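# Examination of the molecular architecture
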Amino acid sequence: MRSTPKGAGQTTAGAVGQLVVATGAVADRGRIPGARDHALFPCDLADATEFAARVASSNLRVVVVFGWERPGPGLEYAAWIADRRPGVTVTAIDGDGTMGRRFGDRATARVRQILERRGAQLITDGTVERIGEGTVVVGGRVIVADVVAVAAPLRGITDWLPPALVDERGMLRVDSALAATAGVFGIGDVVSAPEGYRRPPALRSIQATARGVARNVVDALGGGAPKAVLRRGQP
């Protein structure tokens, strides 16, 4: 770690024995063609404020695109708007097949039922190809909207880390012990799980792995080797 210059009452910072990266993630605005220019990203604060203001109007067609690393918020937005904004027509679009891949047909059917009961539509066939001005192209089909919100995908907040530790999306590469390298661990949305391992979304991931990461940090301070936190094939 770089030391802090002396001055203004500061002292030189000591070496850090262990680092836990828990910086979370922000919207990856460039992964879907056209999204940067034509969509709101309500998982980021400024866009969330604008999105809330716009869906307060009536007679709107709102499309919420979800999926990728964190499908939960998009589904929550769609269901809440459909339930609380009767003048708004809501279409929730699974952008990359997350529902079938992560939850299966039975859970997908249940979510569809819940949304339809509130007057919303769920589209799960095909992937989102691009977003235009007032349009979303999914599986070759054009969905027209007054407001398009994209609740995913994500990129890491890791510009300050050595490039060798992160993937092409800026997510921290870790092993099953959630270790990126000696003395560096990751937790939460910033983590890129190794091949063969899965993590549940955000808060569940933190709850499920925090104890194991803390144990590994303490063991490492004492010279011990980190132990597996993730289990192969299981969330």
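Read on for an overview of the structure. Remember, it's a predicted structure, so these values are computed and weren't measured experimentally.

Take the overall build of the chain next. Assigned secondary structure in the chain consists of five helices and 14 strands. Considered along the principal axes of its C-alpha atoms, the chain spans approximately 60 × 45 × 30 Å. Here the chain holds 235 residues, and the buried ones make up 43% of them. Pairs at least 24 residues apart make up 61% of the contacts formed inside the chain by residues separated by at least 6 positions. A total accessible area of about 12600 Å² is found for the chain, and carbon and sulfur atoms account for 51% of it. Once the 30 positive and 23 negative side-chain charges of the chain are each reduced to a mean point, those two points are 6 Å apart.

Bringing the sheet that holds strand β5 (residues 121–123) into the picture now. Sheet architecture is open: four strands sit in the order β5-β4-β3-β9, paired in parallel fashion. Each end of this open sheet is capped by a strand with a single partner; those strands are β5 and β9 (147–150). Strand after strand, the sheet turns through a mean of 20 degrees between neighbouring axes, direction not considered. As paired elements, strand β3 (residues 60–66) and β9 share four bridges and run parallel to each other. Bridge assignment links Val 63 to a residue of β9, and that residue is Val 148.

Take the packing of aromatic side chains next. When we look at a pair of aromatic rings, we describe it by the centre distance and by the angle of the planes. Scanning all chains against the criterion turns up one aromatic pair. Plain terms: the ring middles of Phe 51 and Tyr 77 are 5.8 Å apart, the flat faces sit at 85 degrees to each other, and that makes the pair edge-to-face. Here the residue Phe 51 occupies a position in helix α2 (residues 45–54), and Tyr 77 occupies one in helix α3 (residues 72–84), the gap between them amounting to 26 residues. Judged by relative accessible area, Tyr 77 falls into the partly exposed class, the value being 25%.

We now examine the pairing of strand β6 (residues 128–132). Examined bridge by bridge, β6 and strand β7 (residues 135–138) share four bridges and lie antiparallel to one another. Looking across to β7, one finds that Gly 132 is bridged to Thr 135. The antiparallel pairing of β6 with β7 creates a hairpin that spans two residues between the two strands, and Gly 134 there sits at a positive phi of about 80 degrees.

With that settled, consider the side chain of Asp 44. Turning to its location among the elements, Asp 44 is positioned in the loop between α1 (35–38) and α2. Apart from the residues within four sequence positions on either side, Asp 44 is in contact with Val 26, Ala 27 and Arg 29.

Our next topic: unusual backbone geometry. Each neighbour pair has its own omega, and for Ala 152 with Pro 153 the value is 0 degrees, a cis peptide bond. Note on placement: Pro 153 falls in the loop between β9 and β10 (154–156). Within the chain, Leu 178 stands out as a residue other than glycine whose phi angle is a positive 65 degrees. Turning to its location among the elements, Leu 178 is positioned in the loop between β11 (172–173) and β12 (179–181).

Calculation rules
- Here, residues in each chain are numbered from 1, in the same order as that chain's written sequence.
- Restriction of local features to residues with pLDDT of at least 70 applies here, the model being predicted, together with a cutoff of 80 or more for giving and counting side-chain atom pairs; totals for whole chains, interfaces and linings are based on all residues.
- Heavy atoms from the whole structure form the basis of all side-chain values; hydrogens and water molecules are not counted.
- For the purposes of this entry, the term helix denotes a DSSP run of H or I that reaches at least four residues, the term strand denotes a run of E that reaches at least two, and both are numbered from the N terminus.
- Partly exposed describes any residue whose relative accessible area lies between the buried limit of under 20% and the exposed limit of over 50%, with all areas from a 1.4 Å probe on protein chains only and scaled to the type maximum.
- Here, two residues are considered to be in contact whenever any of their heavy atoms come within 4.5 Å of each other.
- Accessible surface area values rest on a Shrake-Rupley calculation with a 1.4 Å probe, where residue burial reflects the displayed protein chains alone.
- Note that His is not counted, nor are the chain ends; the positive residues are Lys and Arg, and the negative ones are Asp and Glu.
- Charge positions are represented by NZ for Lys, CZ for Arg, CG for Asp and CD for Glu.
- DSSP bridges decide pairing: two strands pair if at least two such bridges lie between them.
- Fitted lines through C-alpha atoms serve as axes, helices being fitted only where they are in contact, and the angles separating the N-to-C directions of these axes extend from 0 to 180 degrees.
- Only rings of Phe, Tyr and Trp enter the pairing, Trp through its six-membered ring, and a pair is recorded when the two centres are within 6.5 Å. The plane angle decides the type: under 30 degrees is stacked, over 60 is edge-to-face, the rest tilted.

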